[in-house]
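Spelled out from the first residue to the last, the chains are:
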Amino acid sequence: MSDGPTYGFDTLQIHAGARPDPATGARQTPIYQSTAYVFRDADHAAALFNLQEVGYIYSRLTNPTVAVLQERLATLEGGVGAVCCSSGHAAQIMALFPLMGPGKNVVASTRLYGGTVTQFSQTIKRFGWSAKFVDFDDLDALRDAIDDDTRAVFCESVANPGGYVTDVRAVADVADAAGLPLIVDNTSATPYLCQPISQGATLVVHSTTKYLTGNGTVTGGCIVDSGKFDWSASDKFPSLSAPEPAYHGLKFHETFGNLAFTFHGIAIGLRDLGMTMNPQAAHYTLMGIETLSLRMQRHVENAVKVATWLEDDPRVDYVTYAGLPSSPYSDRAKRCYPKGTGGLFTVALKGGYDACVKFVDSLEIFSHVANLGDTRSLVIHSASTTHRQLTPEQQQAAGAGPNVVRISIGIEDADDLIRDLDQALAKACG
Ligand SMILES: *Cc1c(COP(=O)(O)O)cnc(C)c1O
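Note that this is a predicted model, so its numbers are computed, not measured.

Procedures and definitions
Residues numbered from 1 in each chain as written. Predicted model: local features only at pLDDT ≥ 70, side-chain atom pairs only at ≥ 80, totals over all residues. Heavy atoms only, no water. Pairing = 2+ DSSP bridges. Helix = DSSP H or I, 4+ residues; strand = E, 2+ residues; numbered from the N terminus. Contact = heavy atoms within 4.5 Å. Axes fitted to C-alpha atoms, helices over the stretch in contact; angles between N-to-C directions. Near = heavy atom within 4 Å. Polar contact = N/O pair within 3.5 Å; in protein donor to acceptor, adjacent residues only side chain to side chain. Areas by Shrake-Rupley, 256 points an atom, 1.4 Å probe, with all protein chains shown as cover. Nonpolar A, V, L, I, M, F, W, Y, C, P; charged D, E, K, R; others polar. Buried < 20%, exposed > 50% of the residue type's maximum accessible area, 1.4 Å probe, protein only. Salt bridge = Lys/Arg side-chain N within 4 Å of Asp/Glu carboxyl O. Domains from an automatic or database assignment. Buried area = accessible area lost by both parts, 1.4 Å probe. Phe/Tyr/Trp six-rings, centres within 6.5 Å; stacked < 30°, edge-to-face > 60°. Lys NZ or Arg CZ within 6 Å of the ring centre and 35° of its normal. Parallel < 35°, antiparallel > 145°, perpendicular 65-115°, else oblique. Left-handed = near helix turned anticlockwise from the far one by under 90°.

**Description of the sheet that holds strand E12 (residues 367-368)**
Two modes of strand pairing occur in sheets, parallel and antiparallel, and in both the strands are linked by backbone hydrogen bonds.
Part 1: Reading across from one edge, E10-E11-E14-E13-E12 is the order of the 5 strands in this open sheet, with mixed pairing throughout. On the outer flanks of this sheet lie strand E10 (316-320) and E12, each paired with one strand and no other.
Part 2: Here strand E13 (residues 378-380) pairs with strand E14 (residues 404-408) via 3 bridges, running antiparallel. Directly across from Ile380, in E14, lies its bridge partner Arg406.
Part 3: Docked against the sheet, helix H13 (residues 292-311) engages E10, strand E11 (344-349) and E14, running at close to 10 degrees with respect to E11.

In structure tokens form, the structure reads like this:
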């Protein structure tokens, strides 16, 4: 089928990027388990290596199964191209890599996945990059944090560990006025609930490990490019606008236009950083995406039921879920995320740290794991696990204090989930 805006999301999540295999007619996308691809002749090989022709050379750069996933994700997000890689964290480095350089900074929201806070506040320093963390509800603070060395603005749409939703449009307007790309991590929302590009984002990153794959089988990541940013409008992005010595002085933006970021991601990013997605992982993720909209609808429906029940329970201090009328983000959620705010939220127990630990140990259907976005319901005590590298202030800012449990609601029967939570609360809170 030809992919186009005439098809709805449910159709595109099954068909975009895929076509019957030209060699065999196989209807399902084959897993092209091949490292290399035969060149037609020496001229063909030379053209591929010069980036004069698009084709397959070596699976560190491109692979036909991964390419289908890239096209599907680009289509679902409304972008012009996508690059898949080995994990969500790889996607974040791959997204920043062409933009940053020694001495440059990214201005990031305080409300981020704990691993991202660690990656941005510690690890990227080894590259000479840095991050400034700001409350993105305070747009003046965001404007003030941007300086001459800022090269990107970064946030999550629906933030992990839950309860917070970003007004992507408002943040995009600030980034735009400063001439900077906005990168949105859309992992927890998925393109079914939020399409950041339609709200002004330049790049969308995903941990495909989560809802997109959907059943906890493989790690992966991707970067989707809107194709809308003018990399040549300033001299801030020489990787994309200036001559590239590794390709005989080719200028990516001039040569590839709105596909500059995508081509750079493959020709430089994957080639030299090597954070490649393997075709098996792409296969599992393609399978998952076929049912994305159906799963997200049920995740949202279940999360609303369970969060509402928990909020009314006397053993519970509070629940942070943007889908609850009591949430301070309820109005924003309805305006910016009309299909719901996902399956992720946090619950604070009156019994504090000890009750939380007992609670996660007592659950039967819910698994205590460092993952989210699975068909199965999952919990984690963030303060003692994913967020334990963070300072108490960072934990609080990320909504992961010692009395807080993060819940990823699966697509089981909501009544069963509520019964399980009830018995675990009884054990935890005496
Ligand atoms: C899990 C996650 C990541 C990191 O992804 P990996 O695939 O685990 O590397 C980044 N951002 C968010 C919001 C996540 O939930």
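**A few points about the site of the ligand**
Part 1: Taken together, 14 residues surround the ligand, and among them Gly88, Asp185, Ser207, Thr209 and Lys210 come closest.
Part 2: Within the side chain of Ser87, one N or O atom sits 3.5 Å away from an oxygen atom of the ligand.
Part 3: One of the backbone nitrogen or oxygen atoms of His89 is found 2.9 Å away from an oxygen atom of the ligand.
Part 4: When isolated, the ligand has an accessible area of 380 Å², and the protein chains bury 91% of it.
Part 5: In terms of residue count, the dominant contributor to the shell around the ligand is helix H4 (residues 88-96) (3 residues).
Part 6: In terms of residue class, the shell around the ligand is made up of 2 nonpolar, 9 polar and 3 charged.

**Overview of the pairing of strand E4 (residues 150-156)**
Part 1: For E4, the tally of buried residues reaches 7 of 7 residues, placing the bulk of the element in the interior.
Part 2: Examined bridge by bridge, strand E2 (residues 105-109) and E4 share 4 bridges and lie parallel to one another. Among the inter-strand pairings, Val106 is bridged to a residue of E4, identified as Ala152.

**Some remarks on the pattern of salt bridges**
Part 1: One pass over the structure, following the stated rule, counts 15 salt bridges.
Part 2: For Lys132, the salt bridge identified is with Asp147, shortest N-O distance 2.7 Å. Here the residue Lys132 occupies a position in strand E3 (residues 130-134), and Asp147 occupies one in the loop between helix H6 (139-145) and E4, the gap between them amounting to 15 residues.
Part 3: Residues Asp137 and Arg332 are paired through a salt bridge, measuring 2.9 Å at the closest nitrogen-oxygen approach. Of this pair, Asp137 sits in the loop between E3 and H6 while Arg332 sits in helix H14 (residues 330-336); the two residues are 195 residues apart in sequence, bridging distant segments of the chain.
Part 4: Judged by relative accessible area, which is 17%, Arg332 ranks as buried.
Part 5: Ionic contacts of the salt-bridge type, sharing partners, join the residues Arg111, Asp135, Asp137 and Arg332 into one network.

**Things to note about unusual backbone geometry**
Part 1: A positive phi is found at Thr190, a non-glycine position, where the angle reads about 65 degrees.
Part 2: Summarising the element assignment, Thr190 is placed in helix H8 (residues 190-193).
Part 3: You can call Thr190 buried: its relative accessible area is 0%.
Part 4: One non-glycine residue with positive phi stands out, namely His248, at about 55 degrees.
Part 5: Looking at the element boundaries, His248 is found in the loop between helix H9 (238-241) and helix H10 (252-256).
Part 6: In this structure His248 comes out as exposed when scored by relative accessible area, which is 71%.

**What about the domain arrangement of the protein chain?**
Part 1: Partitioning the protein chain into structural domains gives domain 1 (9-288) and domain 2 (292-429).
Part 2: The C-alpha-based centres of domain 1 and domain 2 are spaced at 29 Å.
Part 3: Contact with domain 1, which involves 40 residues of that partner, is made by 41 residues of domain 2.
Part 4: Of all residues in domain 1, Pro161, Tyr192 and Tyr211 give up the largest surface area on contact with domain 2, accounting jointly for 24% of the area buried on that side.

**Side note on the side chain of Ser362**
Part 1: You can see Ser362 is positioned in helix H15 (residues 352-362).
Part 2: Sequence-distant contacts of Ser362, defined by excluding residues within four places in its chain, comprise Gln423, Ala424 and Lys427.

**Topic: the packing of aromatic side chains**
Part 1: Evaluated as defined, the whole model comprises 14 aromatic pairs.
Part 2: Centre to centre, the rings of Phe256 and Phe263 are 4.1 Å apart; their planes meet at 0 degrees, and the pair counts as stacked.
Part 3: Members of the aromatic cluster, joined through ring pairs, are Phe229, Trp231, Phe237 and Phe261.
Part 4: The ring of Tyr164 has Arg111 lying over it, and the distance from NZ or CZ to the ring centre is 3.9 Å.
Part 5: Over the aromatic face of Tyr192 sits the side chain of Lys339, whose NZ or CZ is 4.0 Å from the ring centroid.

**As for the packing of H4 against helix H5 (residues 114-121)**
Part 1: Packing of H4 against H5 leaves a shortest axis separation of 11 Å and a crossing angle of 40 degrees. It follows from the interaxial angle that H4 and H5 lie oblique. Crossing geometry of H4 relative to H5 is assigned as right-handed. Between H4 and H5, the residues in contact are His89, Gln92, Ile93 and Leu96 and Gly115, Thr116, Gln119 and Phe120, respectively.
Part 2: Classifying every residue of the contact of H4 with H5 by side-chain character gives 3 nonpolar, 5 polar and no charged.

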